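Listed below are the residues making up each chain.
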Amino acid sequence: MNKRILELFQESPEAYVSGEEISRRLNVSRTAIWKHIEELRSAGYEFEAAPRKGYRLLSKPNTWQVNELLSGLRTKVLGQKIHVYGEVESTQTIAHALVASGAPEGTLVLAEAQTAGRGRMGRAWHSPAGKGIWMSLVLTPRIPVFFMPQLTLLSAVALCRSIQKVCQVDIGIKWPNDLLIKGKKVSGILLESSGEDERLKYVIAGIGISVNLKTEDYPEELRNIATSLAIESGADIPRESLVQAFLLEFEELYALYLEKGFAPIRLLWEALSVTLKRPIRTHTPSGVVEGIADSLDDSGALTVITQAGEKIKIYSGDIELK
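Residues numbered from 1 in each chain as written. Predicted model: local features only at pLDDT ≥ 70, side-chain atom pairs only at ≥ 80, totals over all residues. Heavy atoms only, no water.

Going by what an unreviewed UniProt entry lists, the chain is known as Bifunctional ligase/repressor BirA and is assigned to Paenibacillus alginolyticus. The record in UniProt for the chain states the following under Catalytic activity (unreviewed entry): "biotin + L-lysyl-[protein] + ATP = N(6)-biotinyl-L-lysyl-[protein] + AMP + diphosphate + H(+)". (UniProt positions renumbered as here; feature names shortened; annotations may be inferred.)

Here it is, written out as structure tokens:
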């Protein structure tokens with residue numbers, strides 16, 4: 001039914017089509033028409049509704065241009081194999097299945113929309129169709145399992161640097177890997193792994209970037225805490241260009257990390273941080289910790305100096321910037 005409705009709008013581009021006409025031509029009720037229009041909106045189509053005029057199709061969802069993405073890719077490994085999907089539950093789930101089937105390092109999974117996108121600590125991630133970058137990247141670093149937090153921080157650095165280059169926005173990293181613009185979250189990073197004999201077999205880096213969402217694309221409960229690159233920059237961002245920039249940045253930093261260790265990545269992270277030298281508050285298994293975020297240690301843990309002068313290391317969890 002949705003396809004037939006779209007065909008009616010394509011017959012009259014930029015014109016209003018009344019609900020009465022759609023109802024008559026498709027032999028469905030006005031209530032059914034409204035339901036299908038809402039389904040199309042959820043899939044990324046934009047409509048204008050006007051009293052006594054009907055509906056007008058304003059824009060179609062932005063779909064991935066894979067040939068354009070590949071032709072502009074300058075990496076040697078990352079993104080050389082790309083799997084593109086429409087609507088999926090989660091790109092992370094697909095990436096795990098691809099690894100089980102022998103997918104090599106650098107395999108990239110892209111989706112137009114996620115119905116069950118997940119973030120850190122089991123949280124849901126808002127992933128509407130055609131508006132953002134919802135992707136998962138396969139990595140096979142031969143490093144100890146306990147180095148995983150370092151890769152999380154590396155991912156944040158690569159993403160922050162690539163967004164700075166493409167979008168010209170003032171963006172920074174909140175420990176460990178949230179990207180913020182004016183205090184609002186614009187991206188989420190989730191790394192999942194499988195290990196054997198205390199070494200990593202593979203890592204799936206899940207990246208969600210709110211690229212071209214408008215304010216009305218967010219649920220009411222997210223509008224005060226989340227934003228998009230388009231909202232902050234004032235212009236739509238070509239998603240392919242941002243993916244290309246991110247993969248190149250990640251590949252270069254990943255090679256540096258494997259050669260030189262975490263030290264250069266730590267310096268880059270600290271330079272991009274919006275956390276360090278600020279008062280923070282967090283919950284730990286031992287209770288609430290408050291103090292000044294001082295630095296990262298060699299493992300990627302956040303060192304906090306309390307009011308009593310005690311140095312406490314935070315290895316995981318959420319922090320509140322005060």
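Further remarks concern the side chain of T227. Mapping T227 onto the fold places it in the loop between β9 (199–209) and α7 (229–233). Exposure remark for T227: the relative accessible area of 2% places this residue in the buried category. For T227, the contacting residues outside a window of four places in its chain are I181, K184, K185, V186, S210, Y218 and E232. (Helix = DSSP H or I, 4+ residues; strand = E, 2+ residues; numbered from the N terminus. Buried < 20%, exposed > 50% of the residue type's maximum accessible area, 1.4 Å probe, protein only. Contact = heavy atoms within 4.5 Å.)

Attention now goes to unusual backbone geometry. Omega for the peptide link from W175 to P176 comes to 0°, which places this bond in the cis form. The phi angle at R52 is positive, at roughly 65°, despite the residue not being glycine. Among the secondary structure elements, R52 is positioned in the loop between β1 (46–50) and β2 (54–59). Here R52 falls in the exposed class, since its relative accessible area comes to 86%. Even without a glycine there, the phi angle at D197 is positive, about 55°. Looking at the secondary structure, you find D197 in the loop between β8 (184–196) and β9.

The next point concerns the environment of A49. Mapped onto the secondary structure, A49 falls in strand β1. Between the C-alpha atom of A49 and that of S228, which follows or precedes it by 179 residues, the distance is 25 Å. Other than its neighbours up to four places away in sequence, A49 contacts R41, G54 and Y55.

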